[in-house]
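The lines below spell out each chain.
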Amino acid sequence: MKDKTIRNLFCKEFTNYLKTPLGYVFLVIFLFGIGYLTFEPGRGSFFYMREASLVSFFRYMPWMFLFLIPAVSMRLWSDERKSGTIELLLTMPVTIRQAVIAKFLASWVFIGVALSGTFPMVLTVVYLGNPDLGVVFLGYLASFFMAGALLAVGGFFSALTKNQVISFILTVCVSFLLIMAGSPPVLDFISTFSPKYLVAIFESLSVLNHFDSMERGVFSLSNLWFFTIMIICWLYGSIILLNGNKAS
Amino acid sequence: MLEVNSISKKFGDFQAVNNVSFKVDQGEVLGFLGPNGAGKSTTMKMITGFLDVTEGDATICGKSILNETLEAQRNLGYVPENAPLYEDMFVLEFLEFVGKMRSLDKEANKIRVIEVINMCALKDVEFQKIETLSKGYKRRVSLAQALIHDPKVLILDEPTDGLDPNQKHDVRVLIRELAKEKCILISTHILEEVEEVCDRCIIIGEGEKLFEGTPNELKSKSSKGRIQDVFRAITTDQKLQGVNL
Ligand SMILES: Nc1ncnc2c1ncn2[C@@H]1O[C@H](COP(=O)(O)OP(=O)(O)OP(=O)(O)O)[C@@H](O)[C@H]1O
Ligand SMILES: [Mg+2]
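Residues numbered from 1 in each chain as written. Chains lettered and ligands numbered in written order. Predicted model: local features only at pLDDT ≥ 70, side-chain atom pairs only at ≥ 80, totals over all residues. Heavy atoms only, no water.

1. Details of the site of ligand 1
Residue and element names in this part refer to chain B.
Right, on to step 1. Around ligand 1, a shell composed of 14 residues is seen, among which K40, S41, T42, E81 and H189 lie nearest.
Right, on to step 2. In this structure, an oxygen atom belonging to ligand 1 sits 2.8 Å away from a main-chain N or O atom of G37.
Right, on to step 3. The separation between an oxygen atom of ligand 1 and a polar side-chain atom of K40 is 2.7 Å.
Right, on to step 4. For ligand 1, whose accessible area on its own is 640 Å², the fraction buried by protein is 63%.
Right, on to step 5. Among the secondary structure elements, those contributing two or more residues to the shell around ligand 1 are β2 (14-24) and α1 (40-47).
Right, on to step 6. Per-element accounting of the shell around ligand 1 gives the leading share, three residues, to α1.
Right, on to step 7. Looking at the shell around ligand 1, its residues break down into five nonpolar, six polar and three charged. (Near = heavy atom within 4 Å. Polar contact = N/O pair within 3.5 Å; in protein donor to acceptor, adjacent residues only side chain to side chain. Areas by Shrake-Rupley, 256 points an atom, 1.4 Å probe, with all protein chains shown as cover. Helix = DSSP H or I, 4+ residues; strand = E, 2+ residues; numbered from the N terminus. Nonpolar A, V, L, I, M, F, W, Y, C, P; charged D, E, K, R; others polar.)

2. A closer look at the packing of helix α5 (residues 61-73) of chain A against helix α8 (residues 96-116) of chain A
Residues and elements named next belong to chain A.
Right, on to step 1. For the pair α5 and α8, the least separation of the axes is 12 Å and the interaxial angle reads 135 degrees. By the criterion of interaxial angle, the relationship of α5 to α8 is oblique. By crossing handedness, the relation of α5 to α8 is classed as right-handed. For the pair α5 and α8, the contacting residues are M61, F65, I69 and V72 in the first and S107, F110, I111 and L115 in the second.
Right, on to step 2. For the contact of α5 with α8, the class distribution of residues is seven nonpolar, one polar and no charged. (Axes fitted to C-alpha atoms, helices over the stretch in contact; angles between N-to-C directions. Parallel < 35°, antiparallel > 145°, perpendicular 65-115°, else oblique. Left-handed = near helix turned anticlockwise from the far one by under 90°. Contact = heavy atoms within 4.5 Å.)

3. Considering the environment of A:L9
Right, on to step 1. Its location among the elements puts A:L9 in helix α1 (residues 4-19).
Right, on to step 2. Residues A:L9 and A:K103, spaced 94 residues apart in sequence, show a C-alpha to C-alpha distance of 7.3 Å.
Right, on to step 3. Beyond its immediate chain neighbours, meaning those up to four positions away, A:L9 contacts A:L89, A:A99, A:A102, B:F97 and B:M101.

4. Examining the domain arrangement of chain B
Residues and elements named next belong to chain B.
Right, on to step 1. Domain annotation of chain B identifies domain 1 (1-75 + 152-245) and domain 2 (86-150).
Right, on to step 2. On a C-alpha basis, the centres of domain 1 and domain 2 stand 25 Å from each other.
Right, on to step 3. If you look at the interface, domain 1 gives 16 residues, while domain 2 gives 13 residues.
Right, on to step 4. Carbon and sulfur atoms make up 57% of the area that domain 1 and domain 2 hide from each other, which totals about 1200 Å².
Right, on to step 5. Applying the counting rule to domain 1 against domain 2 returns two salt bridges.
Right, on to step 6. Taking the shortest distance from any N to any O, the salt bridge between R139 and D161 comes out at 3.8 Å. (Domains from an automatic or database assignment. Buried area = accessible area lost by both parts, 1.4 Å probe. Salt bridge = Lys/Arg side-chain N within 4 Å of Asp/Glu carboxyl O.)

5. Let's talk about the sheet that holds strand β3 (residues 29-33) of chain B
Residues and elements named next belong to chain B.
Right, on to step 1. The strand order across the open sheet formed by six strands is β6-β7-β8-β3-β9-β10, and the pairing between neighbours is mixed. The sheet terminates laterally at β6 (76-79) and β10 (208-213), the two strands that pair on one side only. The sheet shows a mean angle of 15 degrees between the axes of neighbouring strands, direction not considered.
Right, on to step 2. When strand β9 (residues 200-205) meets β10, the two strands line up antiparallel, connected through five bridges. Bridging across to β10, I204 finds its partner in K209. (Pairing = 2+ DSSP bridges.)

6. As for the nonpolar core
Right, on to step 1. Core analysis: the largest hydrophobic core is formed by 150 residues, its most contacted members being A:M61, A:F65, B:L2, B:F22, B:F94 and B:L95.
Right, on to step 2. Residue contributions to this core peak at 15 residues, all from helix α10 (residues 133-160) of chain A.
Right, on to step 3. Summarising the domain contributions, this core has at least three residues from each of domain 1 (1-75 + 152-245) and domain 2 (86-150) of chain B.
Right, on to step 4. Sequence-distant contacts of B:L95, that is, excluding residues within four places in its chain, are made with B:N109, B:V113, B:V116, B:I117, B:L122, B:V141, B:A144, B:Q145 and B:I148.
Right, on to step 5. Membership of the second largest hydrophobic core comes to seven residues, among which are A:A181, A:I190, A:V199 and A:F202. (Core = buried A, V, L, I, M, F, W, Y, C linked by side-chain atoms within 4.5 Å. Buried < 20%, exposed > 50% of the residue type's maximum accessible area, 1.4 Å probe, protein only.)

7. Topic: the packing of helix α12 (residues 184-191) of chain A against helix α13 (residues 196-204) of chain A
For any two helices packed against each other, the geometry is given by the interaxial angle and the distance between the axes.
All names here are of chain A.
Right, on to step 1. Close contact between α12 and α13 brings their axes to 9 Å; oriented N to C, the two are set at 150 degrees. For the element pair α12 / α13, the angle class is roughly antiparallel. Like other packed secondary-structure pairs, α12 and α13 cross with a definite hand, here right-handed. Residues V186, L187, I190 and S191 of α12 pack against V199, F202 and E203 of α13.

8. Comments concerning the packing of aromatic side chains
All names here are of chain A.
Right, on to step 1. Within the structure shown, the criterion is met by 20 aromatic pairs over all chains.
Right, on to step 2. An angle of 90 degrees between the planes, with centres 5.3 Å apart, marks the rings of F58 and Y140 as edge-to-face. Taken as a pair, F58 in helix α4 (residues 55-59) and Y140 in helix α10 lie far apart in primary sequence, 82 residues in all. Each member of the pair, F58 as well as Y140, is classed as buried.
Right, on to step 3. Measuring from ring centre to ring centre gives 5.5 Å for F189 and F193, while their planes differ by 75 degrees; the resulting arrangement is edge-to-face. Residue F189 shares its accessibility class with F193, and that shared class is exposed.
Right, on to step 4. Through successive ring pairs, a cluster of aromatic residues spans Y17, F26, F30, F65 and F110. (Phe/Tyr/Trp six-rings, centres within 6.5 Å; stacked < 30°, edge-to-face > 60°.)

9. Some points on helix α15 (residues 221-247) of chain A
Right, on to step 1. The end-to-end C-alpha distance of α15(A), which contains 27 residues, comes to 39 Å, matching closely the 39 Å that a straight helix rising 1.5 Å per residue would cover.
Right, on to step 2. Along α15(A), the residues that are buried comprise A:N223, A:L224, A:F226, A:F227, A:M230, A:I231, A:L235, A:G237, A:S238, A:I239, A:L242 and A:K246. (Expected span 1.5 Å × (residues − 1).)

10. Concerning the coordination of the magnesium ion (ligand 2)
Residues and elements named next belong to chain B.
Right, on to step 1. Those protein atoms acting as donors to the magnesium ion (ligand 2) are S41 (OG) and E81 (OE), and they sit at 1.9 to 2.2 Å. Remark: E81 occurs in the loop between β6 and α3 (91-101) and S41 occurs in helix α1; sequence separation between them is 40 residues.
Right, on to step 2. Accessibility expressed as a relative area gives 12% for S41, which makes it buried.
Right, on to step 3. What makes E81 partly exposed here is its relative accessible area of 31%. (Donors = N, O, S within 2.8 Å, 3.2 Å for Na, K, Ca; no water.)

And the structure:
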């Protein structure tokens, strides 16, 4: 990061995750949760599949993120606005763009740390058999980018309201819609009131479709682009919202 | 060094600040008075670039807050109303963070942090978490973060609110000390404070400037020399005995 302001703010925000209970609660629930879901004794679980791969691990990733990411993102701006510290932040020589980017990156890297905490899974499958490490890597890459996209959504709703609970709920709802956008029930519902091409657009926004194809080991840049563009758009939205607050 | 040119703010249809202008020079402390809801904090938020102005402009050391926001903010120290702080940081850590954000380099930052800690008498709490501080200490931390980059212009929104009499006195002495080389805009509800620290004062009510002059001019309007009578007469349009506007 060349920009010193972004770097300083990033460091403060990131260390904040390691100092507050939120960071640890998140890590513990995420690691235990994903571990349990992967090995749970139902169908589609790790043992049932009799295969040294992380398919069952990555399959639950979107659903873990659906509830945990909004918990991380909800305080990004709501907290600053509620406690008034945003007045300190934005009267320092910092642009809103820099602040949005720094906060987003800090939360994203934190999720990255959480993801890297799952490395025992990889060790396990390597010990048990001969997994395709390329596929594993792609799975992690896809998870990381999906997390980024959901964090950007959460950051947007955090900038929208001073209330963390509202920000959490809105983020869960919108994330759910985005994840499920390609599924038949949602598409059926949409098609009852909108024309075909809108349905097609909506389907192409499906986070799950993009995630799945990568997690299955199909590397295509278009999937990464999808997540990147999503991140940029939602961050841009936060910048617009925060600029709007200055006017009201 | 601080110039405010017919600044206005509208929240929807509500005119919070209407066409207020003033100037503060180096070495001067300008008191900013007015009843609750008069628009003091709103004006200050606009001067610091936190809120956009609806009309008008403010310049800080010649830099317009509208067009050269970051440049203007570099010369500015600001204590917001109620002194909000990052509660889960430690005092020292917080001040170092602010110093870094103010682009002090590492060595200079260390030295400045020690200086402001001494200036604001924070030595006893430097390793304490901000959320565990008493109100008075929080105020002083807020003042310290505003001073860390030695700004030319200081905007203080009720900096002595909630301090005990001794601390009030200390902060006033500090402000007088700082005023020698800075220009300071300070809002307050304590009228003795105006006499004690301010060279000039303005009174606003319902967003409009109602009075500008020295504390002595203000005082001389009352035959008994009671500033609070004059303040009331100006801001409420009441006729008060012995007050001659
Ligand atoms: N974001 C906002 N939206 C709508 N109205 C606002 C907003 N912020 C402030 N106001 C209104 O603007 C007016 C001026 O508020 P301001 O906080 O500037 O008063 P003040 O002079 O600082 O008062 P006090 O002495 O109580 O601190 C008030 O009537 C307030 O309700
Ligand atoms: Mg106020």
